[in-house]
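Listed here are the chains, written in short residue letters.
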Amino acid sequence: MPLLATAPIPGGGALRLFRDGEHYVIKLDDGTDLMSTRQHGSEEALAELACARIAARAQARVLVGGLGLGYTLGAALRHVRDDAEVAVAELVPGVIEWNRDLLGDFAGQPLRDARTRVHAGDVAALLRTRQAWDAILLDVDNGPDGLTRDGNSRLYDAAGLRDAHASLRPQGVLAVWSAYPAPTFTQRLKHAGFAAEEMPVRALGKRGMRHRIWLATRA
Ligand SMILES: C[S@@+](CC[C@H](N)C(=O)[O-])C[C@H]1O[C@@H](n2cnc3c(N)ncnc32)[C@H](O)[C@@H]1O
């Protein structure tokens, strides 16, 4: 696969963008795939499931962390009203650039939507500012128990979940994507004050890799 670009990760390491035939793959330093344009069903399901619960709200505010290939952001934009705001927090500036040019068409150019706000930085830091969101959609890593970046553990621990809870409007939804099981995560969400459920999803409609989504509502 030809290497097209390398993007430094603030704090260390880099992401690499490869062409894969008609498709693109973002890989981590160790060569493992972070995301491919070939499979994105569960990333879109993350937005569809969460936004279904808040889509009727006027001037809904949705936060997506992180951008990746833009599929979760694109699906969120398709499922909220015209008066909504959808912010996306992305840690790696190069990923934002790739979505503005090479990758943008795959997810329908979500960065060009007038409702999109881009926050170049750590979504955990944004959550500590405790703004009022109707939905927070987290897909920044391989999940609560599948971390590739140490700093991201803060998002899923008790303090991080308290920040997310305090950042939601009443009946707001925290949705979390994971590639792996995380047996204690539902309980952690409940301890943080959420009504939580875990749902199985597939990467390609009814086929493909088995992923998980937690939907947690601020009661
Ligand atoms: C698996 S990808 C997200 C895929 C995305 N759901 C999609 O539909 O394409 C994870 C993204 O989160 C970013 N990221 C990792 N840690 C982050 C953090 N703490 N804050 C914001 N973005 C982060 C990565 O750089 C990467 O772009």
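Here the structure is a predicted model, which is why all the values come from computation and not from measurement.

Scoring rules and cut-offs
- Residues numbered from 1 in each chain as written.
- Predicted model: local features only at pLDDT ≥ 70, side-chain atom pairs only at ≥ 80, totals over all residues.
- Heavy atoms only, no water.
- Phe/Tyr/Trp six-rings, centres within 6.5 Å; stacked < 30°, edge-to-face > 60°.
- Helix = DSSP H or I, 4+ residues; strand = E, 2+ residues; numbered from the N terminus.
- Buried < 20%, exposed > 50% of the residue type's maximum accessible area, 1.4 Å probe, protein only.
- Lys NZ or Arg CZ within 6 Å of the ring centre and 35° of its normal.
- Near = heavy atom within 4 Å.
- Polar contact = N/O pair within 3.5 Å; in protein donor to acceptor, adjacent residues only side chain to side chain.
- Areas by Shrake-Rupley, 256 points an atom, 1.4 Å probe, with all protein chains shown as cover.
- Nonpolar A, V, L, I, M, F, W, Y, C, P; charged D, E, K, R; others polar.
- Salt bridge = Lys/Arg side-chain N within 4 Å of Asp/Glu carboxyl O.

**A word on the packing of aromatic side chains**
Right, on to step 1. As enumerated under the stated definition, the model contains 3 aromatic pairs in all.
Right, on to step 2. Taking 5.6 Å as the distance between ring centres and 85° as the angle between the ring planes, the aromatic pair formed by Tyr24 and Phe106 counts as edge-to-face. With a gap of 82 residues between them, Tyr24 in strand S3 (residues 23-27) and Phe106 in the loop between helix H3 (93-100) and strand S7 (116-120) connect regions that are remote in the sequence.
Right, on to step 3. With a centroid separation of 6.0 Å and 75° between ring planes, the pair formed by Tyr156 and Phe185 is classed as edge-to-face. Of this pair, Tyr156 sits in helix H5 (residues 153-156) while Phe185 sits in helix H7 (residues 185-191); the two residues are 29 residues apart in sequence, bridging distant segments of the chain. Considered together, Tyr156 and Phe185 belong to a single accessibility category, that of buried residues.
Right, on to step 4. Three or more aromatic residues link up through ring pairs in this structure, and these residues are Tyr156, Phe185 and Trp214.
Right, on to step 5. In this structure, Arg61 is placed above the aromatic ring of Trp133, and the distance from its NZ or CZ to the ring centre is 4.0 Å.

**With respect to the site of the ligand**
Right, on to step 1. Lining the immediate environment of the ligand, one finds 23 residues, of which Leu69, Thr72, Glu90, Asp139 and Asn152 sit closest.
Right, on to step 2. In this structure, an oxygen atom belonging to the ligand sits 3.1 Å away from a main-chain N or O atom of Tyr71.
Right, on to step 3. The contact in question runs from a nitrogen atom of the ligand to an N or O atom on the backbone of Val123, over 2.9 Å.
Right, on to step 4. Here the ligand loses 97% of its free accessible area of 600 Å² to cover by the protein chains.
Right, on to step 5. Of the residues in the shell around the ligand, the class split is 12 nonpolar, 6 polar and 5 charged.

**Things to note about the pattern of salt bridges**
Opposite charge on two side chains permits pairing when their charged atoms draw close.
Right, on to step 1. Within the structure shown, the criterion is met by 14 salt bridges.
Right, on to step 2. Its salt-bridge partner being Asp20, residue Arg38 comes within 2.9 Å of it at the nearest N-O pair. Separated by 18 residues along the polypeptide, Arg38 in the loop between strand S4 (33-36) and helix H1 (41-52) and Asp20 in strand S2 (residues 14-20) bring together distant segments of the chain.
Right, on to step 3. Accessibility expressed as a relative area gives 43% for Arg38, which makes it partly exposed.
Right, on to step 4. Taking the relative accessible area as the measure of exposure, Asp20 reaches 19% and is therefore buried.

The quantities given are spatial measurements derived from coordinates; they are silent on function.
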